[in-house]
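# Inside the fold
Listed below are the residues making up each chain.
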Amino acid sequence: MACHILFFSLLALASSHVIMASDPSQLQDFCVADLKSPILVNGFVCKPPMHVTADDFFFSGLDMPGNTSNQLGSKVTQVNVNQIAGLNTLGISLARIDYAPYGLNPPHTHPRATEILTVLEGTLYVGFVTSNINNGNLLFTKMLEKGDVFVFPEGLIHFQFNHGSTPAVAIAALSSQNPGVITIANTVFGSNPPISDAVLAKAFQVGQDTIKYLRAQFWMDNN
């Protein structure tokens, strides 16, 4: 009996840690972000309910194509808590991605969100790379057509490339009100202050002249 009690106690303790590891459940109907508040919290403080309006849950303009006239040939139009204050604490956001012919949404990660992508127009070559462990760094790719859906697991490096000669459009849903984005090339070669040439040369096993050349490129942000 004592062993059974100990077992169930440990099971309950483990379950409580699993529950605490996920996002907490809503304790109220909504918590519209007060984007102007000087108070810093993990997320945003709530606007007083009597000041909330329908516009706090609304965004207009996602039907408009993004400007893809840039080096990458892509544009991400984000719709997260910074655009819809009512998304605060709800754990969801989305984005529209426009791709010029042969445009690229370059390798990047979302540190706080899983992404599910739906192709609305065109053809996209997409993929993600797994982490280092368990024979890792495996590449999973797929060619997507209109109506196809693909998932990029949270935190993993992924990309989308317009494989066609016509523009493409996709909608991405993300499991965070503020998923964040880390574009790999920009982060490594465009950090401020810069990462040491010696560090990058050692990491990439190339000469420092190569690092200097890569650092001198214009690393643009398509968000």
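A brief report on the enclosed structure follows. Each chain carries its own residue numbering, running from 1 in the written order of its sequence. Only residues with pLDDT of at least 70 get local features here, since the model is predicted, and only at 80 or more are side-chain atom pairs given and counted; chain-wide, interface and lining totals rely on the full set of residues. Side-chain metrics in this entry use all non-hydrogen atoms of the structure; hydrogen atoms and water are not considered.

This part is about the environment of Asp209. We count a stretch as a helix when DSSP gives it H or I for four or more residues in a row; a strand needs E for two or more, and each element gets its number in order from the N terminus. For Asp209, the location among the structural elements is in helix α4 (residues 208-215). Separated by twelve residues in the primary sequence, Asp209 and Asp197 have C-alpha atoms spaced 8.7 Å apart.

Turning next to the sheet that holds strand β3 (residues 104-109). With antiparallel pairing, five strands are arranged side by side in an open sheet as β6-β5-β8-β3-β10. The sheet terminates laterally at β6 (139-144) and β10 (182-183), the two strands that pair on one side only. A pair of strands is labelled paired if DSSP reports no fewer than 2 bridges between them.

Turning to the packing of aromatic side chains, a few remarks are in order. In summary, the pairing rule links any two rings of Phe, Tyr or Trp, Trp by its six-membered ring, whose centres are within 6.5 Å, and it sorts them by plane angle into stacked for under 30 degrees, edge-to-face for over 60 and tilted for everything else. One pass over the structure, following the stated rule, counts six aromatic pairs. When the ring of Tyr125 is compared with that of Phe159, the centres are 5.7 Å apart and the planes differ by 45°; the resulting orientation is tilted. Placement of Tyr125 in strand β5 (residues 124-129) and of Phe159 in strand β8 (residues 157-162) is noted, with a sequence separation of 34 residues between them. For every residue, the accessible area (1.4 Å probe, protein chains only) is compared with the maximum for its type, and the residue is labelled buried under 20%, exposed over 50%, or partly exposed between those bounds. Residue Phe159 is classed as buried on the basis of its relative accessible area, which comes to 14%. An aromatic cluster is present here, built from Phe128, Phe140, Phe150 and Phe152 joined pairwise through their rings.

Those residues of helix α3 (residues 197-204) lying buried are Asp197, Leu200 and Ala201. Down the axis, α3 shows its buried residues gathered within 100° of arc, on one side only. Exposed side of α3, more than 90 degrees from the buried face: Lys202 and Ala203 are the residues found there. Put simply, Ser196 is the residue that caps the front of α3, since its side-chain oxygen is 3.1 Å from the backbone nitrogen of Ala198. Immediately beyond the C-terminal end of α3, within one or two residues, lies Gln205, with a positive phi of roughly 55°. The directions considered for the arc run from the helix axis to the C-beta atoms. Pairs of N or O atoms within 3.5 Å make up the polar contacts considered here, provided that, within protein, one atom can donate a hydrogen while the other can accept it, and that residues adjacent in sequence are counted only when both atoms are side-chain atoms.

A water-sized probe, rolled over the atoms, reveals where empty space remains. Considering only enclosed or pocket space, the second largest pocket measures out at about 240 Å³ in volume. Every residue lining the second largest pocket is counted, 21 residues in all, and those nearest its centre are Val76, Gln78, His110, Val181 and Asn223. Within the residue set of the lining of the second largest pocket, elements represented by two or more residues are β1 (74-79), β2 (93-99), β3 and β9 (168-174). For the lining of the second largest pocket, the element with the most residues is β2, which contributes four residues. Here the term charged refers only to Asp, Glu, Lys and Arg, the term nonpolar to Ala, Val, Leu, Ile, Met, Phe, Trp, Tyr, Cys and Pro, and the term polar to all other amino acids, Gly among them. Looking at the lining of the second largest pocket residue by residue, the class counts come to nine nonpolar, eleven polar and one charged. Detection works on a 1 Å grid of protein atoms alone, calling trapped sets that fit a 1.4 Å probe cavities and calling open sets with protein on both sides within 12 Å along at least five of seven lines pockets, with lining residues defined by an atom within 4 Å of a point. Grid points are joined across faces, edges and corners, and a volume is the space filled by probe spheres set on the points.

A few words now on the environment of Ala113. Note that Ala113 resides in the loop between β3 and β4 (115-121). Along the backbone, Ala113 and Asn178 are 65 residues apart, and their C-alpha atoms lie at a distance of 8.2 Å. Every residue pair with non-hydrogen atoms within 4.5 Å of one another is taken to be in contact. Other than its neighbours up to four places away in sequence, Ala113 contacts Glu154, Gly155, Leu174, Ser175, Ser176 and Pro179.

Where burial is concerned, most of β2 is hidden: six out of the seven residues are buried. Examined bridge by bridge, β1 and β2 share six bridges and lie antiparallel to one another. Following the sheet pairing, Gln78 is matched in β2 by Ala95. Two strands pair when backbone bridges link them, and β2 and β9 are joined in this way by seven bridges, in the antiparallel orientation. Across the sheet, Asp98 pairs through a bridge with Val169, a residue of β9.

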